[in-house]
Amino acid sequence: MHIPDGLIGSNPFAEVIEHGHEHAHGHIHELLENSPVGQAIFDPTYQLIFFAIISIILLILIFNKYRKNHTEKDIVTIALFTVAVVIVQLIEIPLPVAACAHISLIAVLALYDLDMSMIIFTFVTIIQAFLGEGGISTLGYNLFNLAIIAPLIAYYVYKLTNKINKNVALFLSGFITITLLGILVSVEYALAGTFPLSYGLTVITSVEAIVGVLEGIVTVFVMNALHKVKPELTPVLNE
């Protein structure tokens, strides 16, 4: 899930609050009544800078580690995977809620090569920022979430659960990654005063959980299909 430009530090509910709560219905009304909407824990500008700096430092470490363990021949692989992921994520899947899902393939790539997946999603996230998916000002957030945290979650969820059943582990790898990203983004929005945490955990995370189910199913299908035709792309299934 990308954080777009303009949301960190903004208050999407401001107009509703300004004109009263007559436009808020049901659960949203309750959230507006009981939540400190728009009250950032820290200055949102500092948060944008903080996440940008942290992402840059971590990615420098990741790139240095990758360079020590891989050769220049892998650059072609990174380029091909980057293009493939950008194209796949342009496909929108309608949901039974007011949102569309994008299959990320984070788990598939993380289980192929964790370090490479972080580099691939660094390029993917930067490209998408300039294509309007995500944002320039929030690039630090999105790199931290999608290029660093998400591959780590996907990889270690599989490692912790594959002893039970590999297909179950593949599904959980995709599902838990996307769902936890929803929780992470909800916390980030709450810290920035964009949405109350209760809204993020009940609305944003619920939508991401639905997307996570799709991601889990796609992860199982893609990994098994690749294992049949090109098993070297699925090293975790060869263990």
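For the structure itself, look to the data block above.
Residues numbered from 1 in each chain as written. Predicted model: local features only at pLDDT ≥ 70, side-chain atom pairs only at ≥ 80, totals over all residues. Heavy atoms only, no water.

Enquirer: Help me understand the pattern of salt bridges, please; the structure alone is not making it clear to me.
Expert: Should the charged atoms of two oppositely charged side chains come close, the side chains can pair. In total, this model carries two salt bridges according to the counting rule given. With a shortest N-O distance of 3.7 Å, Lys65 and Asp115 are connected by a salt bridge. Placement of Lys65 in helix 3 (residues 44-69) and of Asp115 in helix 6 (residues 114-130) is noted, with a sequence separation of 50 residues between them. Take Asp115: its relative accessible area is 12%, and that puts it in the buried class. Taking the shortest distance from any N to any O, the salt bridge between Glu232 and Lys230 comes out at 3.1 Å. For Lys230, a relative accessible area of 39% translates into the label partly exposed. (Salt bridge = Lys/Arg side-chain N within 4 Å of Asp/Glu carboxyl O. Helix = DSSP H or I, 4+ residues; strand = E, 2+ residues; numbered from the N terminus. Buried < 20%, exposed > 50% of the residue type's maximum accessible area, 1.4 Å probe, protein only.)

Enquirer: Please clarify how the nonpolar core should be interpreted in this entry.
Expert: It is characteristic of soluble globular proteins that their nonpolar side chains tend to be buried jointly. Formed by 29 residues in total, the largest nonpolar core has its most connected members in Ile62, Ile78, Ile106, Ile120, Phe121, Val124 and Leu181. Taken together, the elements giving at least two residues each to this core come down to helix 3, helix 4 (74-89), helix 5 (106-112), helix 6, helix 7 (139-161) and helix 8 (166-192). In terms of residue count, helix 6 provides more of this core than any other element does, eight residues in total. Those residues in contact with Phe121 that lie beyond four places of it in its chain are Val85, Gln89, Ser104, Leu105, Ile106, Leu109, Leu146 and Ala147. (Core = buried A, V, L, I, M, F, W, Y, C linked by side-chain atoms within 4.5 Å. Contact = heavy atoms within 4.5 Å.)

Enquirer: Could you clarify how one ought to interpret the packing of helix 3 against helix 6 in this entry?
Expert: Any two packed helices are characterised by the angle at which their axes cross and by the distance between the axes. One can describe the packing of helix 3 onto helix 6 by two numbers: an axis separation of 9 Å at closest approach and a directional angle of 130°. Put simply, helix 3 runs oblique to helix 6. When you trace helix 3 past helix 6, the crossing you get is left-handed. On helix 6, the residues touching Leu59, Ile62, Phe63, Lys65, Tyr66 and Asn69 of helix 3 are Asp115, Met116, Met118, Ile119, Thr122 and Phe123. A breakdown of the residues in the contact of helix 3 with helix 6 according to their chemical character gives eight nonpolar, two polar and two charged. (Axes fitted to C-alpha atoms, helices over the stretch in contact; angles between N-to-C directions. Parallel < 35°, antiparallel > 145°, perpendicular 65-115°, else oblique. Left-handed = near helix turned anticlockwise from the far one by under 90°. Nonpolar A, V, L, I, M, F, W, Y, C, P; charged D, E, K, R; others polar.)

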